[in-house]
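# What the coordinates show
Given next are the chains, with one letter for each unit.
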Amino acid sequence: MPVMKDREYRSMVLPLTAAAKKATKRIDSEFYVEGYATTFNKPYLLYEFDGVQYFEVIDRNALVGADMSDVIMQYNHEGKVLARQSNKTLGIEADESGLFTFADLSKSRAAQDLYEEINNGLITKMSWAFKVLEDAYDRDTHTRTILKIKKVYDVSAVSYPANSDTEISARSFFDGVIEAERREALARKAQLLKLKIMLEV
């Protein structure tokens, strides 16, 4: 899966499924799938370094005003376009729970093959690619809150809910945070040592 430097990638543990009941389908298709590309207000473990766990949460209003024009659906964020908004084979809706995604995978042989893999339980997870406009970081809980998304690029069916691209894009944020926290810890230790020396004199 190619990593674009201006994009972040996140994979969810929520299921991507083929809906069986016609009444629940948002698109009338025999090749219909749906799932959540992300959830809102639910912190998830994003990165762990040196025994410290770093979390992330997508704010409920993060997608308000985001560019979600002509988002595409792919497999593992690469290869052929399997569905897209502009031809009405892909829909994305921000609801109370998260970014709900639904697709008609009938328009190409590759899309139909993906539908069969989802329907047979071989592919069960989703991921999305996006660009952050605004975020905040809580040092006490080691939690990054994504407040505003600038653009959503794609939603993808993925083989594994956790992948190297998620880690790479997470590290691009947390490496700076970790370095700053490490410098502050060293400064505190130096201050304590200086204070201890002064008290002993």
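What counts as what
- Residues numbered from 1 in each chain as written.
- Predicted model: local features only at pLDDT ≥ 70, side-chain atom pairs only at ≥ 80, totals over all residues.
- Heavy atoms only, no water.
- Helix = DSSP H or I, 4+ residues; strand = E, 2+ residues; numbered from the N terminus.
- Buried < 20%, exposed > 50% of the residue type's maximum accessible area, 1.4 Å probe, protein only.
- Pairing = 2+ DSSP bridges.
- Salt bridge = Lys/Arg side-chain N within 4 Å of Asp/Glu carboxyl O.
- Phe/Tyr/Trp six-rings, centres within 6.5 Å; stacked < 30°, edge-to-face > 60°.
- Lys NZ or Arg CZ within 6 Å of the ring centre and 35° of its normal.
- Core = buried A, V, L, I, M, F, W, Y, C linked by side-chain atoms within 4.5 Å.
- Contact = heavy atoms within 4.5 Å.

## Considerations on the overall build of the protein
Secondary structure assignment for the protein yields two helices and 11 strands. Shown N-terminal to C-terminal, the secondary structure of the protein runs as helices and strands in the order β-β-β-β-β-β-β-β-β-α-β-β-α. Residues classed as buried in the protein amount to 41% of the 201 residues present.

## Here's the deal with the pairing of strand β3 (residues 32-39)
Most of β3 is tucked away: seven of the eight residues are buried. As paired strands, strand β2 (residues 17-18) and β3 are joined by two bridges and run antiparallel to one another. Looking at the pairing, T17 lines up with E34 of β3. Where β3 lies against strand β9 (residues 98-104), seven bridges are found, and the strand directions are antiparallel. Its bridge partner lying in β9, V33 is registered against A103.

## What to know about the pattern of salt bridges
Tallying each qualifying case throughout the model produces 10 salt bridges. Taking the shortest distance from any N to any O, the salt bridge between R144 and E8 comes out at 2.9 Å. With a gap of 136 residues between them, R144 in strand β11 (residues 143-158) and E8 in strand β1 (residues 8-12) connect regions that are remote in the sequence. Looking at E8, the relative accessible area reads 11%, which means it is buried.

## Considerations on the pairing of strand β10 (residues 125-138)
Summarising the sheet, β1 and β10 pair through five bridges and their orientation is antiparallel. Bridged to R10 within β10 is W128. The pairing of β10 with β11 spans 13 bridges and is antiparallel. Of the residues in β11, the one forming a bridge with M126 is A157.

## Here's the deal with the packing of aromatic side chains
This structure, assessed with the given rule, holds five aromatic pairs. On the basis of an interplanar angle of 70 degrees and a centroid distance of 5.2 Å, the ring pair of F31 and Y115 is categorised as edge-to-face. With a gap of 84 residues between them, F31 in the loop between β2 and β3 and Y115 in helix α1 (residues 109-119) connect regions that are remote in the sequence. Exposure remark for Y115: the relative accessible area of 10% places this residue in the buried category. One aromatic cluster is present, built from ring pairs that chain together Y36, F100 and F102. A cation sits over an aromatic face here: R7 above Y153, 3.8 Å from the ring centre.

## A closer look at unusual backbone geometry
The backbone of D70 sits at a positive phi, close to 50 degrees, despite the residue not being glycine. Mapped onto the elements, D70 comes out in the loop between β5 (52-58) and β6 (72-75).

## A look at the nonpolar core
Inside soluble globular proteins, nonpolar side chains tend to come together where they are buried. The biggest cluster of nonpolar side chains holds 35 residues, and the ones touching the most others in it are V33, L63, M73, L105, W128 and I149. Counting residues per element, this core draws most heavily on β11, which supplies five residues. Contact partners of L105, with chain neighbours within four places excluded, come to F31, V33, M73, L82, A83, A111, Q112, L114, Y115 and I118. Of all hydrophobic cores here, the second largest spans five residues; its members include A19, I27, Y32 and F102.

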